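# Survey of secondary and tertiary structure
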Amino acid sequence: MREKKGRLDGKVAFITGVGGTRGVGYATAKVLAGEGAMLAVVDISDEVNTRAKEMEDSGCKVVAFRADLIKLGEVKQVVEGVLGVYGRIDILVNVVGIAPRGEAGLTKNLVDLTEDEWNRDIDINLKTQFNCIRTVLPSMVKQKYGKIVNISSTTGPLTAIAGLAPYSAAKGGVVGLTRALALETAKLGITVNAIGPGWVDTESSTEEEKAAGMETAMGRAGKPEEVAELVLFLASDESSYITGQIIFIDGGNCIQEYKGPSGT
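Here we summarise the structure given alongside this text. Predicted model only: the values in this text are computed from it and were never measured.

### Some details on the overall build of the chain
Across its full length, the chain holds seven helices and seven strands. Helices (α) and strands (β) of the chain occur, in sequence order from the N terminus, as β-α-β-α-β-α-β-α-β-α-β-α-α-β. For 264 residues, the compact-globule estimate of 2.2 N^0.38 gives 18 Å, and the chain sits close to it at 18 Å. Based on the C-alpha atoms only, the size of the chain along its principal axes is roughly 50 × 45 × 40 Å. For the chain, contacts bridging at least 24 residues in sequence account for 74% of all contacts bridging at least 6. With the model as given, the accessible surface of the chain reaches about 12800 Å², and the carbon-plus-sulfur share is 54%. Of the side chains in the chain, 29 bear a positive and 34 a negative charge, and the two mean positions are spaced by 7 Å.

### Remarks on the side chain of D68
Looking at the secondary structure, you find D68 in the loop between β3 (62–66) and α3 (72–86). Although D68 is buried, it makes no salt bridge; K71 carries the closest opposite charge, 4.1 Å away. Ignoring sequence-local partners within four residues, the contact set of D68 consists of I44 and E74.

### Points about the packing of aromatic side chains
Summed over all chains, the structure comprises zero aromatic pairs. The aromatic ring of Y26 is capped on one face by K30, whose charged end is 4.3 Å from the ring centroid. The ring of Y26 has R51 sitting right over it, with the charged end atom 5.5 Å from the ring centre.

### Things to note about the pairing of strand β5 (residues 146–151)
Most of β5 sits out of view: six of its six residues are buried. Burial along β5 is two-sided: G146, I148 and N150 and K147, V149 and I151, pointing in opposite directions, are all buried. When strand β4 (residues 91–94) meets β5, the two strands line up parallel, connected through four bridges. Bridge pairing in β5 places V93 opposite V149. When β5 meets strand β6 (residues 190–197), the two strands line up parallel, connected through six bridges. Note on β6: the bridge partner recorded for I148 is V192.

Calculation notes
Residues numbered from 1 in each chain as written. Predicted model: local features only at pLDDT ≥ 70, side-chain atom pairs only at ≥ 80, totals over all residues. Heavy atoms only, no water. Helix = DSSP H or I, 4+ residues; strand = E, 2+ residues; numbered from the N terminus. Rg over C-alpha atoms; globule rule 2.2 N^0.38 Å. Contact = heavy atoms within 4.5 Å. Areas by Shrake-Rupley, 256 points an atom, 1.4 Å probe, with all protein chains shown as cover. Lys, Arg positive; Asp, Glu negative; His and termini not counted. Charge placed at Lys NZ, Arg CZ, Asp CG, Glu CD. Buried < 20%, exposed > 50% of the residue type's maximum accessible area, 1.4 Å probe, protein only. Salt bridge = Lys/Arg side-chain N within 4 Å of Asp/Glu carboxyl O. Phe/Tyr/Trp six-rings, centres within 6.5 Å; stacked < 30°, edge-to-face > 60°. Lys NZ or Arg CZ within 6 Å of the ring centre and 35° of its normal. Pairing = 2+ DSSP bridges.

Below, the structure written as structure tokens:
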């Protein structure tokens, strides 16, 4: 158990994608709450209410919202609700992506993609982040303080997987969004950074993804809590001179030439 240092005492953190029991969103919420943050969590699934109840029972201050973050109007309603409860938002963590829980992610060669399929992946993995940032940012500008952490991926910015062109494009777009926004807000007391996870073992991991995780340089997939600890660093004042960056967390997978079975 990590020793609590109260690094986020008095701060309000708005975290998206907090539905699953072993996802990056829920792990991030627990880690930030453990450092004193008051939480607002949102997900497209009703499970967000269960996760919030679990955190409440452990002593966290949290409010939950169910919303489709692709729809700007719903995002605005959620943000108004958060500001109504807490009066401010200090930290925004954009975790939501890939596909709603219970839906299979899209894998299809580009030549076979429909326009709707392309738009859907871009919406889930990039537009949701724009919608949340665009809606939360004015309050951060007004208070002259904010920490924005966007979850990207190794896929897109560093690597690619056949059949995942729209996902790769969206996650690469998250990095471009992060850098441009960082320049716009650098003198406003707001930092904007991204995290690029590699293989992470969540309840949504397929058997193929689990097998790929075993072939990283460390011989295992990452844990959601390990990604959450990196979010904590970028959400705290310990990272006050870091902005416009993407930090990859992939167990050394992207630096190795050979990724097949190690034989050990």
